[in-house]
Amino acid sequence: MNGFEKLESFVLDRISKYKMPGLSIALWRNGEVVYAKGFGFKSVESSEPSTPSTNYCVGSVTKMFTALAVMQLYEKGLLSPEDPAGKYIEVFEGTGITLHHLLTHTSGIPALGYAEALIDSYYGLGGPWLPISTPDQVLAFARDYTNWYTFKPGERWFYLNEGYVALGKIIEKVSGTKYEEYVKKNILEKLSMAKSYFTREEYLADNDKAAPYLQTAEGKLVRVEPLFGISADGGLFSNVLDLLKFAEAMVNRGYYRGVQVLGREFVELMEKPHVKLPYESPTSKYYGYGLIVHDDFHGRKLVGHSGSVLVYTAYLGYIPSDRVAVAVLSNASGYPLSLIGAYALTLLLGLNPDELYFVKYERALERFEGTYSGYKETITLKVKRLGGTLVIEDPTRKTQIPLAPEKVSEDYALFYALGLATKIPVEFVVERGNVLMIYERYVLAKKS
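Counting from 1, residues in each chain are numbered in the order their sequence is written. Note on the predicted model: pLDDT of at least 70 is required for a residue's local features to be given, and 80 or more for side-chain atom pairs to be given and counted; whole-chain, interface and lining totals, by contrast, use all residues. Heavy atoms from the whole structure form the basis of all side-chain values; hydrogens and water molecules are not counted.

Phi is positive for H105, close to 60°, though the residue is something other than glycine. As for its position among the elements, H105 is in the loop between α3 (99–104) and α4 (114–122). With a phi angle near 50°, K376 is a residue other than glycine that sits in the positive phi range. When you line up the elements, K376 lands in the loop between β16 (370–373) and β17 (380–386). Think of it this way: any DSSP run of H or I at least four residues long counts as a helix, any run of E at least two long counts as a strand, and we number them from the N terminus.

The structure is reproduced here in structure tokens:
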């Protein structure tokens, strides 16, 4: 017994329900990896199992490394977060946008969607064909952003991949070294992340890498090829064991096994909650420099970042005060890995993860799914899970009504069905083991 049986059951349940091919996870506590395991397949076609050393693209977890690189250059006095971005990148000249704004996604530029359009077109999902293959092409694509709807710098938070591509170019200009080479020499090598890389050549030579999969609407897994060429916003390939070395350095305020990668004050500047996010999740509330911060995860500060390039997903999170960390990687989209990370961190803290709100919420949704019938089956409705909520389907009228959750527990839930100028309450009540739905004029009982 390894003490992590609940985590293993949770992971297996989620990757099964969400039809994910493979997943790797590792946990760190106070200087050592206390758990590491692979689930499912790194290659479905050859039935090769995922391992803790299996490499995946980590997507936007890369932004942690880009922000750390900027902070290293700041520590050396070669740049400052208050520098105008236009000092380094021509498309930002005269805008008032600073490196701080790019680091925190507060430039005022709404997402221009290069990454989304590139991924969708590359994998044949539709939309405009956008054959962008280098950072310079991203900046050329973004050149007309001033003709789009923009806000004043610092006025609003908009997640901006293009901003981190620009930071990668700034790192190159200031350091005189290609972004990938700079990160490899100044971060990856110092952290002994020997199996982490950026290039296609390294990917092809890697004998323990996860094949990326696209999941169709029918749940079929289609093996595809990964994207390369644009690194600073989401192009790092790594594994859960290597990623925990980054977390260890951050927990140790910039030191990894006696090697300093960044000064303490600059680590704390990265972790500072610079801007409130317009949404909140169990792992997200503020944005720092390349880091997402939640200031009340079981009364503690949780720092991390998620990543997704559709065919790979990732999460790395750590709690400095308790010296614990988790890394989770998968070779498909599906269940949010940040929630698996939250579940694992809760276990590391010695708390019961089954008491997490999202766990109880998921259990409630599962309980309320089913077919409901009214008096003498005069009316029958189906309640189905759709993402993070429920929908009511009327099989007779061929209609579907989404429900907005208001209050949810395992024995009672209040949702609202939203229509044109209407807001109709929908209640689910567990009574003597039976599940009832109260909707409009009807009381319906769950049959299956």
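It is worth spelling out the pattern of salt bridges at this point. Here a salt bridge means any side-chain nitrogen of Lys or Arg lying within 4 Å of a carboxyl oxygen belonging to Asp or Glu. Applying the stated rule across the entire model yields 26 salt bridges. Ionic pairing is found between R253 and E271, a salt bridge with its closest N-O pair at 2.7 Å. Of the two residues, R253 is situated in the loop between α9 (240–251) and β8 (255–256) and E271 in helix α10 (residues 264–271); the sequence distance between them amounts to 18 residues. Think of it in three bands: residues with accessible area under 20% of the maximum for their type are buried, residues over 50% are exposed, and the middle band is partly exposed, with areas taken using a 1.4 Å probe on protein chains only. A relative accessible area of 2% places E271 in the buried class. A salt bridge links R300 to D322; its shortest N-O distance comes to 2.9 Å. Of the two residues, R300 sits in strand β13 (residues 300–308) while D322 sits in the loop between β14 (313–319) and β15 (324–330), which places them 22 residues apart along the sequence. A single salt-bridge network, built from bridges that share partners, covers D13, R14, K17, E362 and E366.

Working definition of a nonpolar core: buried Ala, Val, Leu, Ile, Met, Phe, Trp, Tyr and Cys residues. They are joined through side-chain atoms within 4.5 Å. With 83 residues, the main nonpolar core has F65, F92, L243, F246, M270, Y312 and L316 as its most contacted residues. The contact criterion used throughout is that any non-hydrogen atoms of two residues lie within 4.5 Å. Each residue touching F92, except ones within four places of it in the same chain, is listed here: A85, G86, I97, L102, I109, Y145 and A166.

What follows deals with the packing of helix α2 (residues 62–75) against helix α7 (residues 179–188). Note on method: axes are straight lines fitted to C-alpha atoms, helices fitted across the in-contact stretch only, with angles between N-to-C directions ranging 0 to 180 degrees. Where α2 meets α7, the axes come as close as 10 Å, and the angle between the chain directions of the two elements is 80°. Considering the angle they form, α2 stands roughly perpendicular to α7. Of the residues in α7, those touching α2 at T62, F65, T66, L68, A69, Q72 and L73 are Y179, Y182, V183, N186, I187 and L188. Gly is placed with the polar residues, together with every amino acid not listed as nonpolar (Ala, Val, Leu, Ile, Met, Phe, Trp, Tyr, Cys and Pro) or charged (Asp, Glu, Lys and Arg). Residues that form the contact of α2 with α7 fall into these classes: 9 nonpolar, 4 polar and no charged. Working rule for angles: under 35 degrees goes down as roughly parallel, over 145 as roughly antiparallel, 65 to 115 as roughly perpendicular, anything else as oblique.

Coordinates in, geometry out; function isn't part of it.
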